[in-house]
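This is what each chain is made of:
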Amino acid sequence: GFLWPDIPSRPLYVTLLTWMYAIAGQNYYHVIALQMIVLALFPASLYLLGRELGSRAVGLMLALLAALREITANRVAPFALNHSYSKLFLSEIPTALILVAFTLFAIRWIKAPRPGWYPLMIGGLLGMASLIRLQSALLLVPLMVVSGIPMWNSRKVEWMRGVVLMMLGTTIAVSPWFVRNYE
């Protein structure tokens, strides 16, 4: 019920946890195993991001650092009090996974002309990240500035259309939450 009539703070994350429990059952260890399988996509997505930014070596280093960070975090968990790792139900890692996809698609859009739906998808990913951690929506402003610098002289119309489509994608992703909260 999303604590009706209260406003849920992380509706997509609550939904993700609900789906995980529906798939894995009411066993904590099975849900954690499923969560770790999903979060194993994080090093792979960092590899793709690093490859897009530089080379395969950069991608491998990013993926390796993410994997080693998780191994270390799981080992020191009994001794640390407040840190995030894969065996806890925290929203930072799923948000990071969505934001890596957002960054990857944004870089590809800035580098070369892409289909018109690309900025819409970028905005939708940002909207999905906002449904887990609301402050993610603030990334739209730096993206507009950073993408405007290389695109302003040669692809000004594409940039303006892309910015409008990104805002539309973000709005479409978060509007069901706003409508529900308004009612």
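About the cut-offs
Residues numbered from 1 in each chain as written. Predicted model: local features only at pLDDT ≥ 70, side-chain atom pairs only at ≥ 80, totals over all residues. Heavy atoms only, no water. Phe/Tyr/Trp six-rings, centres within 6.5 Å; stacked < 30°, edge-to-face > 60°. Buried < 20%, exposed > 50% of the residue type's maximum accessible area, 1.4 Å probe, protein only. pLDDT = per-residue confidence, 0-100. Helix = DSSP H or I, 4+ residues; strand = E, 2+ residues; numbered from the N terminus. Salt bridge = Lys/Arg side-chain N within 4 Å of Asp/Glu carboxyl O. Expected span 1.5 Å × (residues − 1). Patch = residues over 30% accessible without salt bridge, like charges linked within 9 Å, V, L, I, M, F, W, Y side chains within 5 Å. Areas by Shrake-Rupley, 256 points an atom, 1.4 Å probe, with all protein chains shown as cover. Contact = heavy atoms within 4.5 Å.

Q: For the packing of aromatic side chains, give the residues involved together with the corresponding values.
A: Overall, the coordinates contain four aromatic pairs when judged by the stated rule. Between Tyr28 and Tyr29, the ring centres sit 5.6 Å apart and the planes meet at 75 degrees, which makes this aromatic pair edge-to-face. With centroids separated by 5.4 Å and ring planes inclined at 80 degrees, the aromatic side chains of Trp152 and Trp159 adopt a geometry described as edge-to-face. Accessibility expressed as a relative area gives 15% for Trp159, which makes it buried.

Q: Residues and numbers for the confidence of the model for the protein chain, please.
A: The predicted model of the protein chain has a mean per-residue pLDDT of 84, with 90% of residues at 70 or higher. Within the protein chain, the lowest mean pLDDT, 84, falls on helix H4 (residues 56–76), and the highest, 92, falls on helix H6 (residues 117–130).

Q: Lay out the pattern of salt bridges in plain terms, naming residues and giving numbers.
A: Here the idea is simple: oppositely charged side chains can pair when their charged atoms come close. Within this structure, the stated rule accounts for three salt bridges. Here Arg108 makes a salt bridge to Glu52, at a shortest N to O gap of 3.1 Å. Of this pair, Arg108 sits in helix H5 (residues 92–111) while Glu52 is found in helix H3 (residues 41–53), placing the two residues 56 residues apart along the sequence. Residue Lys111 is joined to Glu52 by a salt bridge in which the shortest nitrogen-to-oxygen separation is 3.6 Å. With Lys111 in helix H5 and Glu52 in helix H3, this pair connects stretches of sequence that are 59 residues apart. Assessed through its relative accessible area of 15%, Glu52 is described here as buried.

Q: Help me get a handle on H5, residues and values and all.
A: Taking 1.5 Å as the rise per residue, H5 with 20 residues should run 28 Å; its terminal C-alpha atoms sit 28 Å apart, in good agreement. Of all 20 residues in H5, 15 are buried, a share of seventy percent or more.

Q: Could you give me a rundown of a nonpolar patch on the surface, with the residues and numbers involved?
A: Together, Met61, Leu64, Leu65, Leu68 and Ile71 give the surface a local cluster of nonpolar side chains, amounting to about 480 Å² of exposed area. We classify Met61 as partly exposed; its relative accessible area is 47%.

Q: Give me the side chain of Glu158: which residues, what numbers.
A: Assignment of secondary structure puts Glu158 in helix H8 (residues 156–182). For Glu158, a relative accessible area of 14% corresponds to the buried category. Not counting the four nearest positions on each side in its chain, Glu158 is found in contact with Trp109, Pro113, Arg114 and Met151.

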